[in-house]
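Chain and residue survey
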Amino acid sequence: MGVFKIKLFLDTANVDEIREAASLGVISGVTTNPSLIAKEGRNFTDVVKEITSIVDGPVSAEVISTDAEGMIKEAEELAQIHPNVVIKIPMIGEGLKAVKVLEEKGVRTNVTLVFSANQALLAALAGASFVSPFVGRLDDAGHDGMQVVADIVDIFDFYGYETEVIAASIRHPLHCIQAAQAGAHIATVPYKVLQKMIKHPFTDVGLQRFLDDWKKVKQS
Ligand code: G3P
């Protein structure tokens, strides 16, 4: 029996999608990355600020420096935007250095571009609050992305690491089921995947039948 409940984050920088998903009451955080930010064609700080005003939970914003000093500087600026901002740091040696410094200063980090359990272990040892294994991209390369998530969860559970595992690069609803089965703390899902999770053709057909039959019910 798990001691926590899986959370869903939205993996997008589109505020309309975030607003709509937030109104469903099932989203407790947001993850972005430089590609998602670029898609919106807006100022980075403005977007992050707006997202924090919509969702009351962790909002990941990624640094683009590749040296620890640069990452820390960017992170400190991003952290000023809102206390819920979590700094996404790439899983490279310089990133680990930055994670250690930032976490010691009380700035939460999410180590991204994680493709192996060893990388996740290093991120946890450096003190990261979150790690993001990229399931879909591993699958794309012919690996079993969800097995990497399961391995990370097992290792963290065994040693009692508090680092939370975010199943990222989620491509379809089955990934969400598998992330939950693997014991991931969080699955971060694109808006389209969230829509697909809601939908089932039998629900639509069933609802239509109920509505049609209701027309035959005497109303007075
Ligand atoms: O935000 C990181 C991750 O979820 C990206 O997913 O689909 O670009 O591999 P994807």
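See above for the structure.
A short tour of the structure in this document, coming up. (Residues numbered from 1 in each chain as written. Predicted model: local features only at pLDDT ≥ 70, side-chain atom pairs only at ≥ 80, totals over all residues. Heavy atoms only, no water.)

**Considerations on the packing of aromatic side chains**
By the definition in use, this model includes five aromatic pairs. An angle of 65 degrees between the planes, with centres 5.6 Å apart, marks the rings of F115 and F134 as edge-to-face. A residue pair is termed long-range when its members are at least 10 positions apart, and F115 in the loop between β5 (109-114) and α6 (117-126) and F134 in the loop between β6 (130-133) and α7 (135-140) qualify at 19 residues. Under the relative-accessibility criterion, F115 is labelled partly exposed at 29%. Overall, F134 belongs to the buried group, its relative accessible area being 6%. Taken together, the ring pairs in this structure connect F156, F158, Y159 and Y161 into an aromatic cluster. (Phe/Tyr/Trp six-rings, centres within 6.5 Å; stacked < 30°, edge-to-face > 60°. Helix = DSSP H or I, 4+ residues; strand = E, 2+ residues; numbered from the N terminus. Buried < 20%, exposed > 50% of the residue type's maximum accessible area, 1.4 Å probe, protein only.)

**Considerations on the pairing of β5**
The side chains of a regular strand alternate, residue by residue, between the two faces of the sheet. Among the six residues of β5, five are classified as buried, and the element is accordingly described as predominantly covered. A crossover connection joins strand β4 (residues 85-90) to the parallel β5 through helix α5 (residues 93-104); in handedness this β-α-β unit is right-handed. Following the chain from β5 across α6 to the adjacent parallel β6, one finds a crossover that is right-handed. (Right-handed = clockwise from strand over helix to strand, strands pointing away.)

**Some remarks on helix α10 (residues 191-198)**
Of all the positions in α10, only Y191, V193 and L194 are classed as buried. One side of α10 carries all its buried residues, which in axial view fall inside an arc of 160 degrees. Packing partners of the buried residues in α10 comprise β1 (7-11), α1 (15-23), β2 (27-31), α9 (173-182) and β8 (186-189). (Arc of directions from axis to C-beta. Contact = heavy atoms within 4.5 Å.)

**Structural notes on unusual backbone geometry**
In the Ramachandran plot, L113 falls in the positive-phi region, its phi being about 60 degrees despite a non-glycine side chain. Although it is not a glycine, S169 adopts a positive phi angle of roughly 55 degrees. Within the element layout of this structure, S169 appears in the loop between β7 (164-167) and α9. Judged by its relative accessible area of 11%, S169 is buried.

**So, the site of the ligand**
Looking at the ligand, the residues that line it are D11, N33, K88, F134, R137, A168, S169 and R171. N33 places a side-chain nitrogen or oxygen 3.1 Å from an oxygen atom of the ligand. R137 has a polar side-chain atom sitting 2.6 Å from an oxygen atom of the ligand. Considering the ligand on its own, with 310 Å² of exposed area, one finds that the protein chains cover 83% of that surface. (Near = heavy atom within 4 Å. Polar contact = N/O pair within 3.5 Å; in protein donor to acceptor, adjacent residues only side chain to side chain. Areas by Shrake-Rupley, 256 points an atom, 1.4 Å probe, with all protein chains shown as cover.)

**Some remarks on the nonpolar core**
Ranked by internal contacts, the top residues of the largest apolar core, which has 62 residues, are V149, I152 and V189. Here this core gets seven residues from one element, more than from any other, and that element is helix α8 (residues 145-159). Dropping the residues within four chain positions of it, V189 is found in contact with L8, F9, L10, D11, I170, C176 and L194. Counting residues in each nonpolar core, the second largest holds five residues, with F9, V86, I166 and I186 among its members. (Core = buried A, V, L, I, M, F, W, Y, C linked by side-chain atoms within 4.5 Å.)

**Notes on the pattern of salt bridges**
Applying the stated criterion across every chain, the model contains twelve salt bridges. Note that D213 is salt-bridged to K216, the shortest N-O span being 2.9 Å. Here D213 falls in the partly exposed class, since its relative accessible area comes to 34%. (Salt bridge = Lys/Arg side-chain N within 4 Å of Asp/Glu carboxyl O.)

**Topic: the environment of A120**
Within the secondary structure layout, A120 lies in helix α6. We classify A120 as buried; its relative accessible area is 0%. Spatially, the C-alpha atom of A120 lies 9.1 Å from that of F156, the residues being 36 residues apart in sequence.

**Observations regarding a negative patch on the surface**
Taken together, the side chains of D139, D144, D151, D154 and D157 define an acidic patch exposed on the protein surface. Counting residues per element, the negative patch draws most heavily on α8, at three residues. By secondary structure assignment, the location of D139 is in helix α7. (Patch = residues over 30% accessible without salt bridge, like charges linked within 9 Å, V, L, I, M, F, W, Y side chains within 5 Å. Lys, Arg positive; Asp, Glu negative; His and termini not counted. Charge placed at Lys NZ, Arg CZ, Asp CG, Glu CD.)

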